[in-house]
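# Overview (structure and organization)
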Amino acid sequence: ILKPHKMAVSGKPLTGPHLVLIPSAGMGHLTPFSRLAASLSDLCHVTMVSILPTVSSAESSHLSDFFSSYPDVHSFKFELPPFDSSAYPNADPFFLRFEGINQSAPDLMTRLLTKSSKPVSALIIDITLSTSMVPLAKSFGIPCYILFTASAAMLSFCAYFPTYYDSNSGPIGDIQINGLRMVPVATIPQALHNPKLIFTPLFIQNGKNLSKADGILVNTCESLEKDTLVALRDAHVQPGFPPVVAVGPLLPVNIPAISGASEVSPWLDMQPEKSVVYVSFGSRAAMPKEQIRELGLGLEASGCQFLWVVKTTVVDSHDNTELEELLGEGFLERVKDRGLVVKGWVEQEELLQHKAVGSFVSHCGWNSVTEAALHGVRMLAWPRLGDQRINAGISSNIYTNYTLVNNKNC
Ligand code: UDP
Ligand code: G50
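Computed from a predicted structure; not experimentally measured.

Calculation rules
- Residues numbered from 1 in each chain as written.
- Chains lettered and ligands numbered in written order.
- Predicted model: local features only at pLDDT ≥ 70, side-chain atom pairs only at ≥ 80, totals over all residues.
- Heavy atoms only, no water.
- Near = heavy atom within 4 Å.
- Polar contact = N/O pair within 3.5 Å; in protein donor to acceptor, adjacent residues only side chain to side chain.
- Areas by Shrake-Rupley, 256 points an atom, 1.4 Å probe, with all protein chains shown as cover.
- Helix = DSSP H or I, 4+ residues; strand = E, 2+ residues; numbered from the N terminus.
- Pairing = 2+ DSSP bridges.
- Axes fitted to C-alpha atoms, helices over the stretch in contact; angles between N-to-C directions.
- Buried < 20%, exposed > 50% of the residue type's maximum accessible area, 1.4 Å probe, protein only.

This part is about the site of ligand 2. Contacts to ligand 2 come from 13 residues, most closely from Phe95, Met154, Phe199, Asn206 and Gly386. Contact between ligand 2 and asparagine 206: an oxygen atom at 2.9 Å from a side-chain N or O atom of the residue. Here ligand 2, which alone exposes 440 Å², has 92% of that area covered by the protein. Listed by contribution, the elements that provide at least two residues to the shell around ligand 2 are helix H5 (152-167) and helix H6 (199-209).

Judged by pairing direction, the sheet is parallel, and its seven strands sit side by side in the order E3-E2-E1-E4-E5-E8-E9 without closing on themselves. Pairing within the sheet leaves two strands with one partner each, and these edge strands are strand E3 (73-79) and strand E9 (244-246). Each strand of the sheet is rotated relative to its neighbour by a mean of 25°, with strand direction disregarded. Alignment of strand E2 (residues 45-52) against E3, held across seven bridges, turns out to be parallel. Across the sheet, valine 49 pairs through a bridge with phenylalanine 76, a residue of E3.

For strand E4 (residues 122-126), the buried fraction is high: five of the five residues fall into the buried class. The side-chain alternation of E4 yields two buried faces, one formed by Ala122, Ile124 and Asp126 and the other by Leu123 and Ile125. Judged from the four bridges that link them, strand E1 (residues 18-22) and E4 form a sheet pairing that is parallel. Counted as the bridge partner of valine 20 is leucine 123 from E4.

Right, dumping it as structure tokens:
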């Protein structure tokens, strides 16, 4: 049912079912939800919930740009009550937000049901909210689907991990997913080794609730992850698994550029075709300063043209280090003829389509993997945190399966 979408035309009649999409925090979760909302809005009445205030400024800019470009997607704002995080010192702000939304889910649900412009036909929620939202939706008799924003491989891990965890008393080791792959211990998201972290019990409960959802949409496609999709559908991984629909790669939305590093496009325009290595580690993966310097030296020694997006903090608005100080004296001057280093938001979708970009050194956030696949850009995987190592294992299928099926030339 997902087809390429055009810019929305306002004033469309409110026909068909009313789908309410509830994204979670972080651009990696919000971006695929916006894409799905835009696609579905050509077919039925769609509302997307904005949970405010957002954690990052990138989310806030994205939401306002998205709703003004897609007036057919109805906006439902929910102000999240303050969440007491004193029991979780130094916790990742995005994990705190996942917990905060789950705790306020009953309030969000009541408001949706009483204040929506049209009765709610079904919910499409983020995996991070399934602990609270799946049972709530059931209690109100509303069908509830999950849009899984990472790979089907990660979905299989989420579905199997609770079974492993409940039957294993020692430290976490290699995990053999029923009917599927072996996940080596080094690939398992680091957070899951520590049951005291706010994220770990949530991850386990989210995984248990997968089979209680009415269906799962995954931002992947058969040519990328056929074996995993088959194993999930045949309920090898978790008994009683609901229908799994591959809806990806979700297509980019058409919105005016978010204000960002404006020197990037003019610089790329001057570079030879397929000459530039684009280096980025996503919207929330901060890199330690020493590693940033090492990476800089590596890029310099490589002799390649490069466009490098540097991030030093998890939340974008906290980042106020100067590039010169970060990279070491003289670095920018030494590489100025062939390297551009920027801090802050870049329009990755546009960059990956630029004729000068030949390859992508990526952290393997799943959106980045699907965007590289869509535009036929080679990737060098440097997974760091969370689900990235599991996703990275699938990124090689882009060249073996996806590009052949889709006639991409990379
Ligand atoms: N992104 C972007 N510009 C940036 C950083 C990220 O456009 O400077 C987009 C990227 O194209 C992707 C999303 O933000 O759509 C990040 O999601 P991903 O799953 O790749 O990684 P995460 O940021 O969640 O680690
Ligand atoms: C960070 C992390 C570990 C981890 C993830 C992180 C994800 C994201 C997707 O972002 O896997 C996801 C979130 C919650 C969930 C399932 C999948 O229940 O440190 O796994």
